[in-house]
Amino acid sequence: FSISFLYPCHYKEVLAELKAARATWVQIDKPTLVMDLDSHKLKAFTEAYEELEDALSGFSVIIETYFANLLVEAYKTIISLKGVFAIGLDLVRGDKTLELVKSLGFPSEKYLFAGVVDGHNIWANDLEASLTALKTLEGIVGKGTMYNSRSTIKKVGVTHWIFIETCNFYFMLTYMLDEEIKSWLTFAAQKILKVNALAKALAGEKDEAFFSANAASQASRKSSPRVNDKVVQKAASTIRESEHRRNTPVTARLDAQQKNLNLSILPTTTIGSFPQTPDLRRVRREYKANKIAEEEYIKAMKKEINKVVKLQEDLDIDVLVHREPWLKGFAFSANGWVQFYGSRCVKPPIIYGDDIPRVTDTPRVQRISKDQTLFEKGHAKNKCSIFNEKQVVRR
């Protein structure tokens, strides 16, 4: 956050190359501005931008902020910048930004890019709520016209121009999902359709059928028992703030764990997935293609689980591991792959419901072999990528 807040020398080199390539628009993304910045940091940003004014001459400059609400001083800073054609504001995660614009106004010589379609997740946004926000903004900054054609932006001779932005989101084929869940989702292509629908509605060409379908989808998700589990919500409402931290020190918990599990001084376990055998891959392909019934698929999975558990028993592993998807409230798309590490990819789950039971609520606690009673303990690596992984501990 020094004077090189924007690294002016580097920006100048890039801007020179863009100008040589006959670029006419430059967008500067500064999500940092939504942070709680001290006055000297905002001053450093202003000074760094002023160093770029000559290099930015001839460009239509957009300053974009997103991810959260702008604070008052940061908002005052960016609307006062000279030579800025447009300012982009996030009205989705910045849920107080609209009130900020209403209270402080918007400069008449600048254009506003209003981000009202959420590109950071896969849920359909409420079109009526988005349209209401846009109409409120239009009343503040003036009536304008909006165009979005093949991802290019066309300026027309209007006093103010409101453009709806959406971030790109990876496309996931959804033919494996049921119709109800699919109706709640929008991916990149569908989000662009919603951007266009809002633009037309603001211009007086509202597609009533499109908006009605969106309203029905919103109502379905809000009222669906698959999303709202009263038992889970009641249990969650009883959690006290004090329960977020354990009262028992870790040393006492370790002693209790050792008495219960009787593990060795250096217990052994496995890390990572067991290899998928050709037979297992075949069964999964056939199940996805509806060539075998769910009962046959589960039978094959249990057979493979027993196989890897026995292998670990034979190797005298202390903490046994297997993976299987038994949690509720989860859905998986057909092709929603994201890179995990190296060449390994995973399918991020779509968590749509409250009903995600604890492992002790499932029928997985069972006697897997005749001579060993095995207890399972749920394990999730982190809240961003959940691998329905269970650990089986000897007793």
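Note that the coordinates shown come from a computational prediction; the quantities given were computed from them, not determined experimentally.

Undergrad: For this particular structure, what's the right way to read the overall build of the chain?
TA: Looking only at helices and strands, the chain has 13 helices and 13 strands in total. Sequence-distant contacts in the chain: of pairs separated by 6 or more residues, those separated by 24 or more amount to 70%. Carbon and sulfur atoms form 54% of the exposed surface of the chain, whose accessible area is close to 23,600 Å².

Undergrad: Help me understand the pairing of strand S3 (residues 86–90) in this model?
TA: Each regular strand displays side chains that alternate between the two surfaces of the sheet. Counting buried positions along S3 yields 5 of 5 residues, so the element is predominantly enclosed. Pairing geometry for strand S2 (residues 60–64) and S3, over 3 bridges, is parallel. Residue pairing across strands places Ile 62 opposite Ala 86, the latter belonging to S3. In this view, the connection linking S2 to its parallel neighbour S3 by way of helix H4 (residues 72–79) has right-handed handedness. Of the pairings in the sheet, the one linking S3 to strand S4 (residues 111–115) comprises 5 bridges and is parallel in character. Paired with Ala 86 across the bridge in S4 is Tyr 111. Since S3 and S4 lie parallel, the crossover through helix H5 (residues 97–104) that links them has a hand, and here it is right-handed.

Undergrad: Would you mind showing me how to read the packing of aromatic side chains here?
TA: To describe a pair of aromatic rings, you give the distance between the ring centres and the angle between the ring planes. Enumeration over the complete set of coordinates arrives at 5 aromatic pairs. Geometrically, the ring pair formed by Tyr 287 and Tyr 297 is stacked, given 4.2 Å between the ring centres and 10° between the ring planes. Here Tyr 287, found in helix H12 (residues 278–288), pairs with Tyr 297, found in helix H13 (residues 294–314); they are 10 residues apart in sequence, far enough to count as distant. The exposure class of Tyr 287 is partly exposed, given its relative accessible area of 29%. Taking NZ or CZ as reference, Lys 206 lies 4.8 Å from the ring centre of Phe 211, over its face. A cation sits over an aromatic face here: Arg 221 above Trp 123, 3.8 Å from the ring centre.

Undergrad: I would appreciate a short explanation of the packing of H12 against H13 in the present structure.
TA: Angle between the axes and distance between the axes are the two parameters that describe a pair of packed helices. Packing of H12 against H13 leaves a shortest axis separation of 10 Å and a crossing angle of 160°. When the interaxial angle is binned, H12 and H13 end up roughly antiparallel. Once H12 is placed against H13, the crossing between them reads as left-handed. Between H12 and H13, the residues in contact are Leu 280, Val 283, Arg 284 and Tyr 287 and Glu 294, Tyr 297, Ala 300, Met 301 and Glu 304, respectively. Residues belonging to the contact of H12 with H13 are distributed by class as follows: 6 nonpolar, no polar and 3 charged.

Undergrad: Looking at this model, I keep getting lost on the side chain of Thr 65. Mind explaining?
TA: Positionally, Thr 65 belongs in the loop between S2 and H4. Excluding its chain neighbours within four sequence positions, the residues that come into contact with Thr 65 are Lys 30, Leu 33, Val 34, Leu 70, Ile 78, Gly 88, Leu 89 and Asp 90.

Undergrad: Would you take a moment to explain a negative patch on the surface for this structure?
TA: Judged by side-chain charge, Glu 50, Glu 51, Glu 53 and Asp 54 come together as a negatively charged surface patch. Only helix H2 (39–51) and helix H3 (53–56) provide two or more residues apiece to the negative patch. A relative accessible area of 31% places Glu 53 in the partly exposed class.

Reading guide: rules and limits
- Residues numbered from 1 in each chain as written.
- Predicted model: local features only at pLDDT ≥ 70, side-chain atom pairs only at ≥ 80, totals over all residues.
- Heavy atoms only, no water.
- Helix = DSSP H or I, 4+ residues; strand = E, 2+ residues; numbered from the N terminus.
- Contact = heavy atoms within 4.5 Å.
- Areas by Shrake-Rupley, 256 points an atom, 1.4 Å probe, with all protein chains shown as cover.
- Buried < 20%, exposed > 50% of the residue type's maximum accessible area, 1.4 Å probe, protein only.
- Pairing = 2+ DSSP bridges.
- Right-handed = clockwise from strand over helix to strand, strands pointing away.
- Phe/Tyr/Trp six-rings, centres within 6.5 Å; stacked < 30°, edge-to-face > 60°.
- Lys NZ or Arg CZ within 6 Å of the ring centre and 35° of its normal.
- Axes fitted to C-alpha atoms, helices over the stretch in contact; angles between N-to-C directions.
- Parallel < 35°, antiparallel > 145°, perpendicular 65-115°, else oblique.
- Left-handed = near helix turned anticlockwise from the far one by under 90°.
- Nonpolar A, V, L, I, M, F, W, Y, C, P; charged D, E, K, R; others polar.
- Patch = residues over 30% accessible without salt bridge, like charges linked within 9 Å, V, L, I, M, F, W, Y side chains within 5 Å.
- Salt bridge = Lys/Arg side-chain N within 4 Å of Asp/Glu carboxyl O.
- Lys, Arg positive; Asp, Glu negative; His and termini not counted.
- Charge placed at Lys NZ, Arg CZ, Asp CG, Glu CD.

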